[in-house]
Amino acid sequence: MRFSSSYEPGEYESDIYAAWEASGIFNPKVPTVPIDNNSDGSDDRVKKSNQTFSIVMPPPNANGNLHIGHGLTIALEDSLTRYYRLKGDSTWYIPGADHAGFETWVVYERELEKQGHTRFEYSRDELYARVWDFVAKQRGNMELQLRALGASCSWDDLTFTLDENVIDRVYTTFEKMWNDGLIYRGEKLVNYCPKHQTAFADIEVEHQDEKGTLWDIAYQYDGGEIIVSTTRPETLFGDAAVAVNPEDKRYQNLLGQKVKLPLTDREIPIIADEHADPEFGTGAVKITPAHDFDDFEVGERHNLPRLQVIAENGTMVNVPEEFNGLTTTECRKKVLKTLKEQNLLRGERKIDHAVAHCYKCGTTIEPMLKEQWFIDVKQLAKLAIDAIEQDKIKFHPANKKNILINYYKGLKDWNISRQIPWGIAIPMFRKVDLSATDEPDWIFDRRTNLQEIEKAGVKYVRDEDTFDTWFSSSHWPIVCTDWDENNFSPYYPLNVMETGADILFAWVARMIMMGLYVTGEVPFKEVYLHGLVLDEHGKKMSKSKGNVINPMDLVTKYGSDAFRLGILRGRSAGMNQAFSENSVIAGRNLCNKLWNISRLIQSMTDETDINFEVSETVPREGYDPSEMSEAHDDGSERMGSKKLQNNINYTSNNMGEDWICREINECVSQVEKDMKAYRFAEAVEVLYQTIWDKYADWFLETQKVYKNIPLLKTTLETLLITLHPFAPFVTETIWQNLSWTEGFIAAAKWPSKLKFDPISAEEFESIRTIVSEVRGTLQALPGTNNVKKYGLLYDNDSIVNENMLIIKNLTKVPSINSLNGNPRGLRIALANHEIYLDVSEDIVMEYKETLTEKILSVGKELDALNARLMNPNYVDRAPAHLVKETRDGVKEKESLINRLKQQLELI
RNA sequence: GGGGAUUUAGCUCAGUUGGCUAGAGCGUACGAUUCACAUUCGUAAGGUCACAGGUUCAAGCCCUGUAAUCCCCACCA
């Protein structure tokens, strides 16, 4: 016996993974043109394979640990990959690791702080080298965790986001964009975090509603004043105008009037602009083009000067002496105090307003005037919109299609500069010698390892900034599949892009634009987006709430398969859904069930081999999967219940065999459909039910009476292979332990359909009905331990007669005997067979009430069916097969009621 | 302000082009127990499918409206 009595995943998983990895089955095969695959019936998969299946892993942070979202990602992606591998496709699941520019930088900077240093003590190149070492030391954890989760990816092809080929590709794109005029350097307001001292894309900023104060300040002029409302009095030093709405009657006469900026000697004009909302505050608003996004636009419309008054470290500059160098908070206090003293502060009120925060440290984002590199996104967005509107990419869930199109339509130019050292250097060099007027101010050059280059005798220095990580990430499908302009790649576009719905805009949207721009093709044919994994109460997981579930803990506790099965259950595309340990326990139980099923079948096989040497005489050829085909409707080739020779115990006609073949076929088809439609939870569900409720609880119980070893083997193999994509470890472990299987299940062939006799299969249903009703009736009878008390009687019923042993085993009744004479006891009415529970009249009397209730409930069902038939519109308009179904139903219910009534009369 | 979702059993969710007599897992109750598995087996209870209208022979599903919950985008001087 090779199997221990329960499945202990920890004992096998790492060895199994190591064996897979060493075997090379995770590496992609070279796809080839199909060569006449019918003539010789050749089974060589590589030769036949002309299909590719490619998928990339959204690269986890190279120096981080996997969280629950990664666990879901891997469960989804690896199930797909393994499924298509079993289907015979050349599969390529490409793993990745992310330098995670800003994330890692934040961690590193904290590390520096702990050591009592700051980033400003080092040059950009020194910092880059230091972070590289830091990451190298941390790296590897997450790769081990990916293996523990069973990710069947091609490790030789792991791509790191700072690999040379990635940087090369990014520079090539940047150069192309530069030459195409899609890149420009602009002085714009950017979201700036004074703590991290870097700019952010709009998407990286988090808005939060906060209580704030709105102050009214008087801006005076000769003979009058205008009251402006502001939440940011400290920025008044940068004011360039006061704006009022052109429609606002109150201020018509003031347009063009110059007012004196408080606390200064400067004069600014009152202008008309729609930005000013007459309903808000006093209807007059101060315009600070250098420190507010709206004001920046107003400034552009009216050609106002942009005066910077807040420096990059968050302190005041270009302001009167007494305010200079103060932080914004200090400055606000002082400004308010001074205004009050000068009697210019006219009121204040509390308001709710949204404030932008750094998504990492929570510091208030300061809109800052900076020169940055921007991508003009109009053309790129159009490429993407066109492709999506032409359905070149299919979305799961489907509603993301329009959401994405809307996003592209409102997309603003993309700031790709970041002021952090940890990232890909921007390959642009600035002219130092401004007297060389004929030369361009900026030139593109790949030599970013140099700080300074010389071209045509002119010196240029490298831009210190690095790329936004999303700029390089947007090339991910291109770089992972080794696509290039000359050779393309048979794996590009990817079959599917699987990632979190939360980065639809940040990543998916940009990959689509970039893929189309660089290759002319969409980067993937389908997109599957998963939602957030919430805690068991449907709340977001967070460290502060303490409800974070670590996937690796669950893997250790219950096994990788249990985790995968658990996290896939009850999950559908794009939805944020709850997750609890219970679902993992259910998965673990399934693995254990399968383990014990296999243990039983192996022991049956061993026993047969020893006692009867059946393996020599069994008509095994009938079950060779390679020769299996669709079942014949006429049942002419009935393989499921083929009798075994040379063994008196086995000369049976077990209809459960045909039935299980039918059910397994149905299950396999359903899994195929579900995988095509990305319905992972449904695929797992149907497998769960087939394996447990049908195979173990019914079929195997019949096999304890009549063994059909070849069929047991075939059906077990079929179920193992079909479950393998979702539970790779336990299926492989079993496969390796079974005495008759060869190779890796991970590289096995997807099962073909089993042959069976549909009539037998259907007849087995009535056995199931009999058994269920006997069980139910026994439970409902008064007293306990009824199972042992009462036998069954049958009258002239061939189905019961032929399946007596099976019924006996399934119901556990002590005896089944032919009824001699008049019927007695309690009739098992549902299945319409002549079968009775041999109970005394007293017991039957006590059952009377139950029987009456049953008649009533069936009567209700009958009434409902009849009511439908009484409706002439139904009979006329509903499809014929439904009407027939209803009529058959009526007959069935009527005869059931009759049988029940007869029973009642007998009492 | 713009957009997207969700609402079905105590909990978490299925329910695909309308055919439903609405399912599953967990939980609950009752019963079982040597011979694959207590990580087990059997049986059962549990639902006005959020609400109100409409379309249809037929609505959990389609249409209109309402309510609640959640998410995204933009903006809030």
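Refer to the structure above for everything that follows.
Below or above, wherever it landed, is the structure these notes cover.

A closer look at the sheet that holds strand S21 (residues 458-462)
Consider a sheet: its strands pair through backbone hydrogen bonds, and that pairing is either parallel or antiparallel.
Inference 1: Spatially, S19-S18-S21-S20 is the arrangement adopted by the four strands of the open sheet, whose pairing is antiparallel. The open sheet has two edge strands with one neighbour each: strand S19 (442-444) and strand S20 (452-455). Sheet twist, expressed as the average angle between the axes of neighbouring strands with direction ignored, equals 35°.
Inference 2: Here three bridges tie strand S18 (residues 428-431) to S19, and the two strands are oriented antiparallel to one another. The partner of Phe429 across the bridge, within S19, is Ile443.
Inference 3: Its contacts with the sheet put helix H7 (residues 164-179) on S18 and S19, and the angle it makes with S19 is roughly 130°.

Comments concerning the environment of Cys661
Inference 1: Within the secondary structure layout, Cys661 lies in helix H19 (residues 655-676).
Inference 2: Classification of Cys661 as buried rests on a relative accessible area of 1%.
Inference 3: Sequence separation between Cys661 and Glu348 is 313 residues; the distance between their C-alpha atoms is 79 Å.

Quick word on the sheet that holds strand S23 (residues 494-500)
Inference 1: As summarised here, the arrangement of the three strands in space is S15-S24-S23, forming an open sheet in which the pairing is parallel. Here the strands that pair on one side only, and so sit at the sheet edges, are strand S15 (394-396) and S23. Shown here is a sheet whose adjacent strand axes are inclined to one another by a mean of 15°, direction ignored.
Inference 2: Strand direction decides the pairing type here: S23 and strand S24 (residues 524-530), joined by six bridges, are parallel.

Focus on the pairing of strand S8 (residues 224-230)
Inference 1: Strand direction decides the pairing type here: strand S7 (residues 205-221) and S8, joined by seven bridges, are antiparallel. Opposite Asp216, over in S8, you have Ser229 as the bridge partner.
Inference 2: Hairpin connection of S7 to S8: two residues between the antiparallel strands, including Gly223 at a positive phi of 90°.

Quick notes on the packing of helix H23 (residues 758-780) against helix H26 (residues 804-811)
Inference 1: Two numbers describe how H23 lies on H26: the axes approach to 10 Å, and their chain directions differ by 35°. Relative to H26, the crossing made by H23 is right-handed. Contacts between H23 and H26 involve Ile767, Val771, Val774 and Arg775 on the former and, on the latter, Ile807, Leu810 and Thr811.
Inference 2: Counted by class, the contact of H23 with H26 contains five nonpolar, one polar and one charged residues.

A few points about the state of the cysteines
In a disulfide, the sulfur atoms of two cysteines are covalently bonded to one another.
Inference 1: Counted according to the given criterion, the structure contains zero disulfides.
Inference 2: Of all cysteine sulfurs in the structure, the one in Cys153 sits closest to Cys480, which takes part in no disulfide; the separation is 11 Å.
Inference 3: Given the relative accessible area of 2%, Cys480 is considered buried.

Concerning the protein's contact with RNA strand B
Inference 1: By nearness alone, 56 residues border RNA strand B, and Ser229, Thr231, Asp294, Ala354 and Arg877 come closest of all.
Inference 2: Backbone atoms, meaning sugar and phosphate, make up 62% of the atoms of RNA strand B lying within 4 Å of the protein.
Inference 3: Here a sugar or linking oxygen of RNA strand B sits 3.1 Å away from a polar atom, N or O, in the side chain of Asn582.
Inference 4: In the environment of RNA strand B, a base nitrogen lies 2.8 Å from a nitrogen or oxygen atom belonging to the side chain of Lys593.
Inference 5: Top element by residues in the surface near RNA strand B is helix H17 (residues 581-612). It accounts for 10 residues.
Inference 6: Of the residues contributing to the surface near RNA strand B, the split by class is 16 nonpolar, 17 polar and 23 charged.

What about the side chain of Asn665?
Inference 1: In this fold, Asn665 is placed in helix H19.
Inference 2: Here Asn665 falls in the buried class, since its relative accessible area comes to 9%.
Inference 3: Setting aside anything within four residues of it in sequence, one finds Asn665 in contact with Lys753, Leu754 and Phe756.

Definitions and limits used
- Residues numbered from 1 in each chain as written.
- Chains lettered and ligands numbered in written order.
- Predicted model: local features only at pLDDT ≥ 70, side-chain atom pairs only at ≥ 80, totals over all residues.
- Heavy atoms only, no water.
- Pairing = 2+ DSSP bridges.
- Helix = DSSP H or I, 4+ residues; strand = E, 2+ residues; numbered from the N terminus.
- Axes fitted to C-alpha atoms, helices over the stretch in contact; angles between N-to-C directions.
- Contact = heavy atoms within 4.5 Å.
- Buried < 20%, exposed > 50% of the residue type's maximum accessible area, 1.4 Å probe, protein only.
- Left-handed = near helix turned anticlockwise from the far one by under 90°.
- Nonpolar A, V, L, I, M, F, W, Y, C, P; charged D, E, K, R; others polar.
- Disulfide = S-S within 2.5 Å.
- Near = heavy atom within 4 Å.
- Polar contact = N/O pair within 3.5 Å; in protein donor to acceptor, adjacent residues only side chain to side chain.

The quantities given are spatial measurements derived from coordinates; they are silent on function.
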